[in-house]
Amino acid sequence: MTLRVAVIGAKGRIGSEAVKAVEAAPDMELVAALGRDSELSELTDARVDVAVELTHPDAVMGNLDFCLHRGIHVVTGTTGWTEERLATVDGWLAESPATGLLIAPNFSIGAVLGMQFAQKAARYFESVEIVELHHDRKADAPSGTATRTAQLIAAAREAAGRAPQQDPTTHALDGARGADVDGVPVHAVRLRGLLAHQEVLFGDTGETLTIRHDSLHHSCFMPGILLGVRRIVDRPGLTLGLEHFLDL
Ligand SMILES: NC(=O)C1=CN([C@@H]2O[C@H](COP(=O)(O)OP(=O)(O)OC[C@H]3O[C@@H](n4cnc5c(N)ncnc54)[C@H](OP(=O)(O)O)[C@@H]3O)[C@@H](O)[C@H]2O)C=CC1
Ligand SMILES: O=C(O)C1=N[C@H](C(=O)O)C[C@H](O)C1
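First things first, this report covers the structure right here in the doc. (Residues numbered from 1 in each chain as written. Chains lettered and ligands numbered in written order. Predicted model: local features only at pLDDT ≥ 70, side-chain atom pairs only at ≥ 80, totals over all residues. Heavy atoms only, no water.)

1. Thoughts on the site of ligand 1
- Neighbouring ligand 1 are 19 residues; Arg13, Arg36, Thr79, Ala104 and Phe107 lie closest to it.
- Between ligand 1 and Arg13, the relevant distance is 2.9 Å, taken from an oxygen atom to a main-chain nitrogen or oxygen of the residue.
- Interatomic distance of 2.9 Å between a side-chain N/O atom of Arg36 and an oxygen atom of ligand 1.
- Compared with its free state, where it exposes 920 Å², ligand 1 has 77% of that area covered by protein.
- Under a 2 Å grid-point criterion requiring more than half of the atoms, the pocket assigned to ligand 1 is the largest pocket. (Near = heavy atom within 4 Å. Polar contact = N/O pair within 3.5 Å; in protein donor to acceptor, adjacent residues only side chain to side chain. Areas by Shrake-Rupley, 256 points an atom, 1.4 Å probe, with all protein chains shown as cover. 1 Å grid on protein atoms, 1.4 Å probe; cavity = no way out; pocket = protein on both sides within 12 Å on 5 of 7 lines; lining within 4 Å. Sits in = over half its atoms within 2 Å of the grid points.)

2. Things to note about the pairing of strand E4 (residues 73-76)
- Every second residue of E4 is oriented toward a common face, with His73 and Val75 on one face and Val74 and Thr76 on the other, all of them buried.
- In this fold, strand E3 (residues 50-53) hands off to helix H3 (residues 60-68), which returns the chain to E4; that crossover is right-handed.
- Where E4 meets strand E5 (residues 100-103), 3 bridges bridge the pair, whose relative direction is parallel. Among the inter-strand pairings, Val74 is bridged to a residue of E5, identified as Leu101.
- As for the winding sense of the linkage, the β-α-β connection from E4 through helix H4 (residues 83-95) to E5 is right-handed. (Buried < 20%, exposed > 50% of the residue type's maximum accessible area, 1.4 Å probe, protein only. Helix = DSSP H or I, 4+ residues; strand = E, 2+ residues; numbered from the N terminus. Right-handed = clockwise from strand over helix to strand, strands pointing away. Pairing = 2+ DSSP bridges.)

3. Brief notes about the site of ligand 2
- Around ligand 2 sit Thr79, Pro105, Asn106, His134, His135, Lys138, Asp140, Ser143, Gly144, Thr145, Ala196 and Phe221, and that is every residue in its neighbourhood.
- One nitrogen or oxygen atom from the side chain of His134 is found 2.6 Å from an oxygen atom belonging to ligand 2.
- Between ligand 2 and the protein, one listed contact pairs an oxygen atom with a side-chain N or O atom of Lys138 at 2.7 Å.
- Starting from 320 Å² of accessible surface for ligand 2 in isolation, the protein chains cover 85%.
- Taking a 2 Å distance to the grid points as the criterion, the majority of the atoms of ligand 2 fall inside the largest pocket.
- Residue classes in the shell around ligand 2 are distributed as 3 nonpolar, 7 polar and 2 charged. (Nonpolar A, V, L, I, M, F, W, Y, C, P; charged D, E, K, R; others polar.)

4. Here's the deal with helix H1 (residues 13-24)
- With 12 residues, H1 ought to run about 16 Å at 1.5 Å a step, and its terminal C-alpha atoms sit 18 Å apart, in line with that.
- Among the residues of H1, Ile14, Gly15, Glu17, Ala18, Val19, Ala21 and Val22 are the ones counted as buried. (Expected span 1.5 Å × (residues − 1).)

5. Considering the sheet that holds strand E8 (residues 184-190)
- The 5 strands are arranged E7-E8-E6-E9-E10 in an open sheet whose pairing can be described as mixed. Edge strands, defined here as strands with exactly one partner in the open sheet, are strand E7 (179-181) and strand E10 (207-215). If you compare each strand with its neighbour and ignore which way they point, the axes differ by 25° on average.
- Strand direction decides the pairing type here: strand E6 (residues 127-134) and strand E9 (residues 196-204), joined by 8 bridges, are antiparallel. Within the sheet, the bridge partner assigned to Ile130 lies in E9 and is Val200.
- Lying on the sheet, helix H5 (residues 109-121) is in contact with E9 and E10; it crosses E10 at an angle near 160°.
- Sheet strands in contact with helix H6 (residues 144-159) are E6, E7, E8 and E9, and its direction is about 170° off that of E6. (Axes fitted to C-alpha atoms, helices over the stretch in contact; angles between N-to-C directions. Contact = heavy atoms within 4.5 Å.)

Below, the structure written as structure tokens:
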């Protein structure tokens, strides 16, 4: 069966790459490509099966509200997620129980593996901090990937019975120790010339471990997006993270 796919945010950095990837996929047809000024009714007019949503934290909720309430499955990589937002989309999905939503903090296989490796390492090290580095046009900080990585690390530490890490800092400028995500300090760098990079630094007595991932081109996100489109049609409800579609 050929999937009828739309891209919302089709002119953006990742959206424009997604348009090309969907057009090149033999089992998909690109039936709509929406920008900031498009009408969402284009999605229903085009009888879209799956919408790939790659826009902005200010736009994603309106797009999901429209799609999920009309039975359009969604694969989104847009960032800026909070517990409140997740609870809201859970409510929308409950009203539309046959519809699937994939929220993927990162579509690249290397980044997903990096998160998994960090989750695995978390219990063995006293100290952990994250440095994420992105291009200078990014709206949100810390990145969705870094936030999710910190949450996974914190959950793994708690499950292993590790006490929260101590910070001895008593004198600091605001922001010098990064953002606190579930007890994990996260430092965000924004620099022209970069795309998306992350280092998870673990430390314990006499050793450190660094898990680094670099996205060098937006093409690295495309296999994950296409996999998400193919799988979400058979997976109603919320799927948080591409790892659920990978045999890891
Ligand atoms: N999960 C993942 O693997 C990845 C996720 N991302 C995320 O995807 C999102 C997009 O990133 P990126 O492509 O770099 O951003 P861009 O700014 O390049 O693209 C965003 C697109 O969304 C459109 N848009 C912005 N605001 C609105 C709005 N209020 N209503 C409707 N459309 C809007 C823009 O339209 P216009 O062109 O008219 O301004 C633009 O085409 C970000 O949240 C980013 O973090 C990015 C890369 C990988
Ligand atoms: O804005 C980006 O570019 C990216 N956003 C995602 C994030 O916030 O983690 C994924 C990747 O880092 C690229």
